[in-house]
Amino acid sequence: MLGGLDPDQRAAAEVPGGPLLIVAGPGTGKTRTVTHRLAHLVLERDVPASQCLAITFTRRAAEEMTERLQALIGPDAQQMTVATFHSFGLRILREHHVQLGLGADFGLADSARQHEILTAITGDERTARRVQAQLSPVRRGGDGDPETEAALAAYLAELRQQNLVDFDDLVVLAVQLLTDHPAIGEEYRRRYRWITVDEYQDVDELQYRLLRLLAPAGANLTAIGDPDQAIYSFRGADVGFFLRFEQDYPSAPVLALTRNYRSGVHILDGAIRAITPSTLVPDRRLHPASNRQAHPIVVHQAGDERTEAAFVARTIDQLLGGASFHSLDSGRVLGDGPGGVGFNDIAVLYRTDAQSHAILDELTRCGLPVQKRSHDRLSARPGVDLLVREMLHVAARTGPVADQLRLAAKAVADTVPEDTRPDIHTAVELLGPLAQRCGQDVPRFCREVLLGAEVDTLDPRAEAISLLTLHAAKGLEFPVVFLIGCEDGLLPLRWPGTEPTVAEVAEERRLFFVGMTRAQDHLYLTRATRRTIRGTQQDRTSSPFLNPLGEAIIQSEAPARRVRPAQLPLL
Ligand code: ATP
Ligand code: MG
């Protein structure tokens, strides 16, 4: 079972029991190691699969881990619980709805429903929006303005009145239940004797408290992650929980993995240089373990966002062998290395969603297929909430979820204004693969949509270029990565009239590090000298994060003298 691991990974996978911390950089096989560890426990150490709980950061990661476990263990893998904190919380709530005063068939409020309730309470939509934005921080124990504090109790009462919980409730109520009912806490501790948490650097206060309730000091808890990839503090994540693991679990061995199997040597060198000024890991190292070709990191300076996009399109065309037309036909051409480069090998990453427009326009104009995903909640995407409501409404109907999704889309497209119909169409496309996977189980489909992030619907097998926010790219890898907008003000991000704090700049640098380390063979860091930001043209300077990269690993490209849109053979 552990044959596919290197000696360090193997040592980590073989730790017999008790708490364990694995601190390791990107591409060192953390996710691979925990997956093999679980398989090893079940197959070779007689741990019942039903006692294993694996927590992942996204539903997509959970699905991937389930698939890998099934391949390693076989049908027994179905006995394992692989979940995100929120889907695990939902499971606890379902099992103990009585103690929480919820009906057996309680539902999950989407953000549109939250907005409706808050509008009714506060009396106007603007206040409702402001209060809604503060709900999560307040639920995590932060301070809100008096309006939010005042609205909160009424909001929760109305939710319960409608037999609903919201997204935050999934963890808040689970913590409350296990705290107020020690016997129930004990029941879960007995049931889940083996717990692993991937991406531990991004847990928030409530998730941490839930975990402490499930796994006291001596428990078999494996936490795995990389403090230098902590990038979700805007959602309340706190890398401090990672850093205090050794206090919380004093008996835990701390193991490191430093061999990187993902990236070429120049990319690794650049990434280490980039993170060094604010690394949270003493003696941060990554040794190249793959024998990938060492392509230099290309740093490209464009005139504006349009020529930046044209550079991306032109380079993609070159990588595809200057034959996008044929690659569209065959899905894959011989471009670079044995398997060739296909569309799904390529990702374009950016700090803000606004940057995606120019890229999306240009790639679409060139006839290149794309799938664009952010880290936002899936239900916040236009049309998705309407489809789910419609499907819940007619849930009595039986038959494949995919058919019901199409029927729901038809029904919704009668009811919405003409100009929003394309949203419904896009939403159906986005949800199609999930609908297929859910078979006939409509409630599961609706649950997964309401719990999911947009990036959960990224289809790694689809022949399409991935357009992703940096946050959404966490945990993923691609042979070819473009990280666009490497400019001061975007990396680090700066809001008008404010300066980022030292801690904020450090997190932005980690985000840059996460972006760079998604790349396997080719990494392009691009920037524009002028860019339209919120409707006005601005002169831009280079991101300070580019400074430590060093000349040796970089191939710098000046802007083309005459700025012309890319002429692809396809056109
Ligand atoms: P991240 O921090 O970005 O989440 P990670 O540490 O979780 O990265 P993985 O995604 O598990 O890294 O592994 C990175 C890549 O390296 C994967 O393609 C994986 O299959 C490969 N890999 C990991 N360990 C080995 C190994 N021992 N032999 C060959 N390939 C490996
Ligand atoms: Mg990982």
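**Let's talk about unusual backbone geometry**
No. 1: Residue L491 is joined to P492 through a cis peptide bond whose omega torsion reads 5 degrees.
No. 2: Secondary-structure assignment places P492 in the loop between β17 (478-483) and α21 (502-516).
No. 3: At D46, a position not held by glycine, the phi torsion is positive, near 60 degrees.
No. 4: Within the element layout of this structure, D46 appears in the loop between α2 (30-44) and β2 (52-55).
No. 5: Residue N163 is not a glycine yet carries a positive backbone phi of 55 degrees.
No. 6: The residue N163 is located in the loop between α7 (146-161) and β5 (164-165) in this model.

**Section: the site of ligand 1**
No. 1: Lining the immediate surroundings of ligand 1 are 18 residues, of which Q9, K30, R262, E477 and R518 lie closest.
No. 2: Q229 has a polar side-chain atom sitting 2.9 Å from an oxygen atom of ligand 1.
No. 3: For ligand 1, whose unbound accessible area comes to 640 Å², protein coverage reaches 83%.
No. 4: The dominant element in the shell around ligand 1, judged by the number of residues it contributes, is α2, at three residues.
No. 5: Residues that form the shell around ligand 1 fall into these classes: two nonpolar, nine polar and seven charged.
No. 6: Residue contributions to the shell around ligand 1 reach at least three from each of two domains, namely domain 1 (7-92 + 173-257) and domain 3 (265-375 + 460-556).

**Considering the domain arrangement of the protein**
No. 1: Domains assigned within the protein are domain 1 (7-92 + 173-257), domain 2 (110-161), domain 3 (265-375 + 460-556) and domain 4 (378-451).
No. 2: Of note, the centres of domain 2 and domain 4, computed from C-alpha atoms alone, are 26 Å apart.
No. 3: In this complex, domain 2 contributes four residues to the contact, which on the side of domain 4 involves four residues.
No. 4: One can count two salt bridges joining domain 2 with domain 4.
No. 5: Between R389 and E116 there is a salt bridge, with the nearest N and O atoms lying 3.3 Å from each other.
No. 6: At the junction of domain 2 and domain 4, the tally comes to one residue pair in polar contact (both at pLDDT 80 or more).
No. 7: Looking at the side of domain 2 that touches domain 4 residue by residue, the class counts come to one nonpolar, no polar and three charged.

**Focus: the side chain of R139**
No. 1: Structurally, R139 is set in helix α6 (residues 125-139).
No. 2: Engagement of the side chain of R139 in a polar contact is seen with the side chain of D166, the distance being 3.4 Å.
No. 3: Residues within four places of R139 in sequence aside, it is in contact with L152, L156, D166, D168, D169, V172 and L206.

**Some remarks on the environment of L108**
No. 1: Within the secondary structure, L108 sits in strand β4 (residues 107-108).
No. 2: Residue L108 is classed as buried on the basis of its relative accessible area, which comes to 17%.
No. 3: Considered as a pair, L108 and L170 are 62 residues apart in the sequence and their alpha carbons are 9.2 Å apart.
No. 4: With sequence-adjacent residues up to four places away left out, L108 is seen in contact with L164, V165, D166, L170, L450 and L451.

**Points about the nonpolar core**
No. 1: I195, Y200, L210, L387 and F445 are the most contacted members of the largest nonpolar core, which totals 73 residues.
No. 2: Among the elements that line this core, the one with the most residues is helix α8 (residues 169-180), at eight residues.
No. 3: Leaving out residues up to four positions away in the same chain, I195 has contacts with L53, L211, L214, A215, N220, L221 and T222.
No. 4: In this structure, V455, A472, L511 and I553 belong to the second largest nonpolar core, which totals 37 residues.

**So, the pattern of salt bridges**
No. 1: Summed over all chains, the structure comprises 46 salt bridges.
No. 2: Taking the shortest distance from any N to any O, the salt bridge between E508 and R351 comes out at 2.8 Å. A residue pair is termed long-range when its members are at least 10 positions apart, and E508 in helix α21 and R351 in the loop between β14 (346-350) and α16 (356-365) qualify at 157 residues.
No. 3: E508 gets classed as buried once you look at its relative accessible area, which sits at 9%.
No. 4: Here D353 and K372 are joined by a salt bridge, their closest N and O atoms 2.9 Å apart.

**Notes on the packing of aromatic side chains**
No. 1: Scanning the entire structure with this criterion turns up ten aromatic pairs.
No. 2: Centre to centre, the rings of Y200 and F245 are 5.7 Å apart; their planes meet at 85 degrees, and the pair counts as edge-to-face. Residue Y200 is found in the loop between β6 (194-197) and α10 (205-214), and its partner F245 is found in helix α12 (residues 245-248); the two are separated by 45 residues along the sequence.
No. 3: The buried category is assigned to Y200, whose relative accessible area is 1%.
No. 4: A centroid spacing of 4.2 Å and a plane angle of 15 degrees characterise the contact between Y208 and F241, whose relative ring orientation is stacked. Here Y208, found in helix α10, pairs with F241, found in helix α11 (residues 240-243); they are 33 residues apart in sequence, far enough to count as distant.

**Examining the sheet that holds strand β3 (residues 81-83)**
No. 1: Across the sheet, six strands lie side by side as β3-β2-β6-β7-β1-β8; this open sheet has parallel pairing. Edge positions in the sheet fall to β3 and β8 (254-257), since each has one partner strand and no second. Strand after strand, the sheet turns through a mean of 15 degrees between neighbouring axes, direction not considered.
No. 2: Pairing geometry for strand β1 (residues 20-24) and β8, over four bridges, is parallel. From the neighbouring strand, A24 faces β8, where its bridge partner is L257.
No. 3: This element, α2, spans β1, β2, β6, β7 (220-225) and β8 of the sheet and lies at about 160 degrees to β7.
No. 4: The sheet contacts of helix α4 (residues 85-95) involve β2, β3 and β6, and relative to β3 the element is tilted by about 125 degrees.

What counts and how
Residues numbered from 1 in each chain as written. Chains lettered and ligands numbered in written order. Predicted model: local features only at pLDDT ≥ 70, side-chain atom pairs only at ≥ 80, totals over all residues. Heavy atoms only, no water. Helix = DSSP H or I, 4+ residues; strand = E, 2+ residues; numbered from the N terminus. Near = heavy atom within 4 Å. Polar contact = N/O pair within 3.5 Å; in protein donor to acceptor, adjacent residues only side chain to side chain. Areas by Shrake-Rupley, 256 points an atom, 1.4 Å probe, with all protein chains shown as cover. Nonpolar A, V, L, I, M, F, W, Y, C, P; charged D, E, K, R; others polar. Domains from an automatic or database assignment. Contact = heavy atoms within 4.5 Å. Salt bridge = Lys/Arg side-chain N within 4 Å of Asp/Glu carboxyl O. Buried < 20%, exposed > 50% of the residue type's maximum accessible area, 1.4 Å probe, protein only. Core = buried A, V, L, I, M, F, W, Y, C linked by side-chain atoms within 4.5 Å. Phe/Tyr/Trp six-rings, centres within 6.5 Å; stacked < 30°, edge-to-face > 60°. Pairing = 2+ DSSP bridges. Axes fitted to C-alpha atoms, helices over the stretch in contact; angles between N-to-C directions.

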